[in-house]
Amino acid sequence: QVQLVESGGGLVQAGGSLRLSCTASGRTLSRRTMGWFRQAPGKEREFVAGITWFGGRTSYADYVKGRFTISRDNAKNTMYLQMDRLKPEDTAVYYCAARLSGDPDADLQNYDYWGQGTQVTVSS
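Residues numbered from 1 in each chain as written. Predicted model: local features only at pLDDT ≥ 70, side-chain atom pairs only at ≥ 80, totals over all residues. Heavy atoms only, no water.

Now, about the state of the cysteines: what can you tell me, with residues and values included?
In the structure shown here, the tally under the stated rule is 1 disulfide. Sulfur-sulfur distance for the disulfide between C22 and C96 comes to 2.1 Å. For the disulfide bridge between C22 and C96, the dihedral angle about the S-S bond is near 55°, and by the sign convention the bridge is right-handed. Taken together, the positions of C22 in strand 3 (residues 18-25) and C96 in strand 9 (residues 92-99) put the pair 74 residues apart, joining distant regions of the chain. Here the two residues C22 and C96 agree in accessibility, since each one is buried. (Disulfide = S-S within 2.5 Å. Helix = DSSP H or I, 4+ residues; strand = E, 2+ residues; numbered from the N terminus. Buried < 20%, exposed > 50% of the residue type's maximum accessible area, 1.4 Å probe, protein only.)

Go over the sheet that holds strand 1 (residues 3-7) with me, naming the residues and quoting the values.
Pairing in this open sheet of 4 strands is antiparallel, and the strands run 1-3-8-7 from one edge to the other. Single-partner strands in this sheet number two, and they are strand 1 and strand 7 (68-73). Here the strands of the sheet are splayed against their neighbours by 15° on average, with no regard to which way each runs. Relative to strand 3, strand 1 is paired through 5 bridges, and the arrangement is antiparallel. Counted as the bridge partner of V5 is T23 from strand 3. (Pairing = 2+ DSSP bridges. Axes fitted to C-alpha atoms, helices over the stretch in contact; angles between N-to-C directions.)

Describe the environment of P41, with residues and values.
Mapping P41 onto the fold places it in the loop between strand 4 (33-39) and strand 5 (46-51). Under the relative-accessibility criterion, P41 is labelled exposed at 74%. Distance in space between the C-alpha atoms of P41 and M79 is 25 Å, their sequence separation being 38 residues.

Which residues make up the side chain of R67, and what values do they have?
Along the chain, R67 turns up in the loop between strand 6 (58-60) and strand 7. Since its relative accessible area comes to 6%, R67 is described here as buried. A polar side-chain atom of R67 sits 2.8 Å from the main-chain carbonyl oxygen of Y63. Looking at R67, its side chain comes within polar contact range of the side chain of D90, at 2.7 Å. In contact with R67, other than residues within four places in its own chain, are Q82, M83, D84, R85, L86, K87 and D90. (Polar contact = N/O pair within 3.5 Å; in protein donor to acceptor, adjacent residues only side chain to side chain. Contact = heavy atoms within 4.5 Å.)

Put into structure tokens, the structure is as follows:
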């Protein structure tokens, strides 16, 4: 079993930056593909970014490409999401997720473990 805990959310002005962290406990995150998703009020949960277990392959949703950077430190059992040039439309609860195998794709049905989420609010 894997437990995931997100941190780093908060309130920031448009154009600002935040760095989210996702720390795992229970079992190591090594060899697990991981991803970040987000859910805004009244909307479905959507893919943000994903990364393979050795960090060699990443994927991003078009709406964050060039502004967000995903990374991981397997020695620390932690994944990160650096968010720059934030926009009000980035406001959402951000979730980290892990899957037992496979690519860092956008289908949330493929992910086996989820964190509780951290709120990110971007003011205009």
